[in-house]
Amino acid sequence: DTGVSQNPRHKITKRGQNVTFRCDPISEHNRLYWYRQTLGQGPEFLTYFQNEAQLEKSRLLSDRFSAERPKGSFSTLEIQRTEQGDSAMYLCASSLLGSQYFGPGTRLLVL
Amino acid sequence: TQLLEQSPQFLSIQEGENLTVYCNSSSVFSSLQWYRQEPGEGPVLLVTVVTGGEVKKLKRLTFQFGDARKDSSLHITAAQPGDTGLYLCAATSNDYKLSFGAGTTVTVRA
C-alpha cells in the first residue's frame, strides 16, 4: 500500500512536553496538508506545503506549532509545551492537483 | 470561510434500508468531496464532484451536486453494516484548502 502514512499512530504526553509527528505523503504528490480534528467535528486546516515551501498557516497554528517539509517529501509537525487543549487527531493529507488523500492520523492525548 | 452544514447529525437505520445525508452552504463550491471516516482512522475519499447537477454512482452510493453548486447529497441504497461511519463533506477554497462540515454519523444495525 503506497498511501499516506503517519507516525506515531498514538501519542500520550504530559502537559509541557514537546511532541513531533511525521507524515509520509504519496510519493508523486507535491502538495501536503496538516489538519486537526477534535471529537464531533470535521477536520480543520492547519497548514499547507507545495514542495518544500509552506504557503499558508491557519490562525489555529499558534507559535507553539511548527511544521517543516525540508526536502519536499516527508513532513514533520512539532508542538512545543503541549497543553491539554492540544489533544486531538492530527491528520496529514497529500495531493497532486485535485483531491486530497488522508493518512490514518496521529491521536494525541495531553495529560 | 464557507460554512458547510451537514444533516442529519446522527442517523441509525436497519440493514437493508435506504438513507440520504445532506451537505448545504450559502456559498458556491468550485468542487466538493465526500469522505467516510471510521473511528480512529483518517477520512477516506469517496467521490469528488465539480459540475452543477452532476450525479455520480459508486456501487450502492449515489452522490448528487446541486445545480447551483451550493448543496450536495449522498444516498445509500440497501445499507449494510459496513456502511457505518462518519460521512464528511468538504469544499475546496483557494484551490487547495478543504473546509469540512461536522459530519453525519451513520449506524447500520444488522
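The structure reproduced in this document is the subject of the present report. (Residues numbered from 1 in each chain as written. Chains lettered and ligands numbered in written order. Predicted model: local features only at pLDDT ≥ 70, side-chain atom pairs only at ≥ 80, totals over all residues. Heavy atoms only, no water.)

**As for the overall build of chain A**
The line we're drawing: Secondary structure is summarised from DSSP: a helix means a run of H or I of at least four residues, a strand means a run of E of at least two, and numbering begins at the N terminus for each. For this measure, only C-alpha atoms enter the radius of gyration; the expected value for a globule follows 2.2 Å times N^0.38, where N is the number of residues. Whether two residues touch is decided by their heavy atoms; if any such pair falls within 4.5 Å, the residues are in contact.
Within chain A one finds zero helices and 11 strands. For chain A, the succession of helices and strands along the chain, N to C, is β-β-β-β-β-β-β-β-β-β-β. The C-alpha atoms of chain A give 13 Å as radius of gyration, which agrees with the globular expectation for 111 residues (13 Å, within 12%). Across its three principal axes, chain A shows a C-alpha extent of roughly 40 × 25 × 25 Å. Relative to all contacts within chain A whose residues are 6 or more apart in sequence, the contacts with residues 24 or more apart total 52%.

**Overview of the interface of chain B and chain A**
Note the cut-off: Buried surface area refers to the total accessible area, computed with a probe of radius 1.4 Å, that the two partners give up upon joining, counted for both partners together. A carboxyl oxygen of Asp or Glu within 4 Å of a side-chain nitrogen of Lys or Arg is what we treat as a salt bridge. Nitrogen and oxygen atoms within 3.5 Å of one another constitute a polar contact, given that in protein one can donate a hydrogen and the other can accept it, and given that sequence-neighbouring residues count only through two side-chain atoms.
If you look at the interface, chain B gives 18 residues, while chain A gives 20 residues. Interface area, chain B with chain A, both sides summed: about 1500 Å², of which 50% is carbon and sulfur. Between the two partners, chain B and chain A, sit two salt bridges. A salt bridge links Arg-9 of chain A to Glu-41 of chain B; the shortest N-O distance between them is 3.5 Å. The interface formed by chain B and chain A contains eight residue pairs in polar contact (both at pLDDT 80 or more). Contributions of two or more residues to the side of chain B that touches chain A are made by strand 4 (32-37), strand 5 (44-49), strand 9 (85-93) and strand 10 (97-100) of chain B.

**Focus on the sheet that holds strand 7 (residues 61-65) of chain B**
Residues and elements named next belong to chain B. The condition that has to hold: One bridge is not enough; two strands pair if DSSP finds at least two bridges between them. Lines are fitted to the C-alpha atoms to define the axes, a helix being fitted only along its stretch in contact, and any angle between axes, read from their N-to-C directions, falls within 0 to 180 degrees.
Strand order in the open sheet made by the five strands is 1-3-8-7-6, with antiparallel pairing throughout. What marks the edges here is a single partner per strand, and that holds for strand 1 (5-7) and strand 6 (55-58). Taking each pair of neighbouring strands and ignoring which way they run, the sheet shows an average axis angle of 15°.

**Some remarks on a nonpolar patch on the surface**
All names here are of chain A. Here is the rule: Residues enter a patch when their relative accessible area is above 30% and they make no salt bridge; the linking distance is 9 Å between like charges and 5 Å between nonpolar side chains (Val, Leu, Ile, Met, Phe, Trp, Tyr). Using a 1.4 Å probe, accessible areas were evaluated by the Shrake-Rupley method; residue-level cover was limited to the displayed protein chains. Only protein chains enter the area calculation, which uses a 1.4 Å probe; residues under 20% of their type maximum are buried, those over 50% are exposed, and those in between are partly exposed.
A surface patch of nonpolar side chains, amounting to about 300 Å² of accessible area, comprises Ile-12, Leu-109 and Leu-111. Mapping Leu-109 onto the fold places it in strand 11 (residues 106-110). Overall, the relative accessible area of 38% leaves Leu-109 in the partly exposed class.

**Brief notes about the side chain of Ser-94 of chain A**
Counting through the fold element by element, Ser-94 of chain A comes out in strand 9 (residues 88-95). A distance of 2.8 Å separates a polar atom in the side chain of Ser-94 of chain A from a polar atom in the side chain of His-29 of chain A.

**Some thoughts on the layout of surface pockets**
The condition is simple: Cavities and pockets were defined on a 1 Å grid built over protein atoms only: a cavity is a set of grid points that admits a 1.4 Å probe from which the probe cannot escape, a pocket is an open set flanked by protein on both sides within 12 Å along at least five of seven lines, and lining residues are those with an atom within 4 Å of any such point. Grid points are joined across faces, edges and corners, and a volume is the space filled by probe spheres set on the points. Any residue that is not Ala, Val, Leu, Ile, Met, Phe, Trp, Tyr, Cys, Pro, Asp, Glu, Lys or Arg is counted as polar, Gly included; the first ten are nonpolar and the last four charged.
By volume, the second largest pocket is sized at about 400 Å³. In this structure, the second largest pocket is lined by 22 residues; those nearest its centre are Leu-39 and Gly-40 of chain A together with Gln-37, Leu-86 and Thr-105 of chain B. For the lining of the second largest pocket, the secondary-structure elements that each account for two or more residues are strand 9 and strand 11 (104-109) of chain B. Tallied by class, the residues present in the lining of the second largest pocket amount to seven nonpolar, 12 polar and three charged.

Geometry only, nothing functional implied.
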